[in-house]
Amino acid sequence: MRILHVVPTYLPATRYGGPIYSVHGLCKALAARGHEVHVFTTDVDGSSVSDVPLEQAVDLDGVQIWYFGTGLGRRLYRSPLMARALDQRIDAFDILHLHSVFLWPTTFAARLAQRRQIPYVLTPRGMLVGDLIRKKSWLLKTSWIELFERANVRGAAALHLTAEVEAVEIRKLGFKPSRVDIIPNGVDMPPEELDEQCEKRLRVLSLGRVNWKKGLDRLIAAMAYVPQAELVIAGNDEEGYCERLEVCAKEAGVGDRILFQGPVHGAAKWRLLRSCHVFAMASYSENFGVAALEAMACGRPVVVTPQVGLAQSVRETGAGVVADGAPEMFGRALLTLLNDAETRERMGRAGAKAAAERFSWARVSERIENVYQECLNVPSSC
């Protein structure tokens, strides 16, 4: 198949977190399965741009990536040059896969695909969640939903979600997709040569974008119930949220046990994951939880809230604990694990096994490929 992925941002713009790695992981795996895989994206990287060539294919792991500059409407990743390229080349592809909502590239590509009768799969990447919509830009997002997203979802040959919790939110918002496929993200397995032992002092780790929805405020408060451990918070802070979290730590009386690591990538990320005794994800909303899956791949037990998409798999595989996000309850779950080395070891083994067997990119890409093939055999719903 000739497959075109459309996504607002891409590597090397790692500041955007898990979706950047997940989309490339999928594209790389599909290319390894023999498909011709292209990506249309922008060069946006925060307030700057990535140092990449524009309007020409860049090969990365067998994936042909096309970067386009943005114009008026940069905050929505609007790119007239991408629009022209899509119009000229879209007919050459068998199927499109669109990643994100509320942004120009996927909306434009969806409408163009509908007009040209080319099937597309839409992956919202956890953005169609009622609480998230209500807490940030509610009026703009609800207007965008009525103007564009309902039609984008309705016109998709399939809606790809990464966890059942995301499907629940989609139904609550009244969307009516013609087909829903729940297929998790995959995980890149850590390199064995970087294996490291845990820190001597008990360590809890949080890894990901430093953002309100990650529940870092209640994770910090939970540390008051875990007096013998330190908490390392690693990740990009695009919104200056660390200042607020430092206040939270001081108010909770745990400021001397909280370390803000900043962004980590590559080998440093894997070393940090292996340095912890427990990985914590106290998110208010998380459509999947790639960092928690990476911790599982490293053989580390995880404690997550029910709002994390990976929570069901954590329960099923015994890779950790699903705990209420209230600080005392989450803290007690952390404390119980930190006090039980045998259980941590058992859960770590279970998580590593699940990561390798359930969440390999080879398995995930095969399931996505099957969705594509079935979509190509079904008449367009638009």
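Everything below is about the structure shown above.
Engineer: I'm lost on the nonpolar core in this one. Help?
Structural biologist: Looking at soluble globular proteins, one finds that nonpolar side chains tend to be buried together. Counting residues in hydrophobic clusters, the biggest one holds 34 residues, and the most contacted among them are V6, F40, L86, L96, L98 and Y120. For this core, the element with the highest residue contribution is helix α3 (residues 104-116), accounting for five residues. The residues touching L86, leaving out its near neighbours within four places in the chain, are L4, V6, F40, F108, A109 and L112.

Engineer: Help me understand the packing of aromatic side chains, please; the structure alone is not making it clear to me.
Structural biologist: Geometrically, a pair of aromatic rings is defined through the distance of the ring centres and the angle of the planes. Evaluation of the coordinates by the stated rule reveals six aromatic pairs. Taking the centre distance of 6.4 Å and the plane angle of 35° together, the rings of W212 and Y284 count as tilted. Note that W212 is positioned in the loop between β11 (203-207) and α7 (216-222) and Y284 in the loop between β14 (278-281) and α10 (290-297), a separation of 72 residues in sequence. Relative to F359, the ring of F288 lies with its centre 6.3 Å away and its plane at 65°, an arrangement referred to as edge-to-face.

Engineer: Help me understand the pairing of β14, please; the structure alone is not making it clear to me.
Structural biologist: Within a regular strand, side chains alternate between the sheet's two faces. Here β14 shows a buried face lined by V278 and A280 and a second buried face lined by F279 and M281. Where β11 meets β14, two bridges bridge the pair, whose relative direction is parallel. The residue bridging L205 from the neighbouring strand is F279, located in β14. Relative to strand β15 (residues 302-304), β14 runs parallel, the two being bridged by three bridges. Of the residues in β15, the one forming a bridge with F279 is V302. With respect to chirality, the unit in which β14 leads through α10 into the neighbouring parallel β15 is right-handed.

Engineer: Explanation requested: the environment of L122 in the structure shown.
Structural biologist: Structurally, the position occupied by L122 is in strand β8 (residues 120-123). Assessed through its relative accessible area of 2%, L122 is described here as buried. With near-sequence residues (within four places) excluded, L122 lies in contact with L98, S100, N152, V153, A156, A158, L159 and H160.

Engineer: Where do I start with the sheet that holds strand β2 (residues 36-42) in this structure?
Structural biologist: Pairing between sheet strands relies on hydrogen bonds along the backbone, with the strands arranged either parallel or antiparallel. With respect to topology, eight strands assemble into an open sheet ordered β5-β6-β2-β1-β7-β8-β9-β10, the strand pairing being mixed. One side of each edge strand has no neighbouring strand; the edge strands of this open sheet are β5 (57-60) and β10 (180-182). Strand-to-strand twist of the sheet, defined as the mean angle between neighbouring strand axes without regard to direction, takes the value 25°. Pairing of strand β1 (residues 2-6) with strand β7 (residues 95-99), which is carried by four bridges, proceeds in the parallel orientation. Residue pairing for β7: I3 is matched across the bridge by I95.

The rules we used
Residues numbered from 1 in each chain as written. Predicted model: local features only at pLDDT ≥ 70, side-chain atom pairs only at ≥ 80, totals over all residues. Heavy atoms only, no water. Core = buried A, V, L, I, M, F, W, Y, C linked by side-chain atoms within 4.5 Å. Buried < 20%, exposed > 50% of the residue type's maximum accessible area, 1.4 Å probe, protein only. Helix = DSSP H or I, 4+ residues; strand = E, 2+ residues; numbered from the N terminus. Contact = heavy atoms within 4.5 Å. Phe/Tyr/Trp six-rings, centres within 6.5 Å; stacked < 30°, edge-to-face > 60°. Pairing = 2+ DSSP bridges. Right-handed = clockwise from strand over helix to strand, strands pointing away. Axes fitted to C-alpha atoms, helices over the stretch in contact; angles between N-to-C directions.

Purely geometric stuff here, so don't read any function into it on its own.
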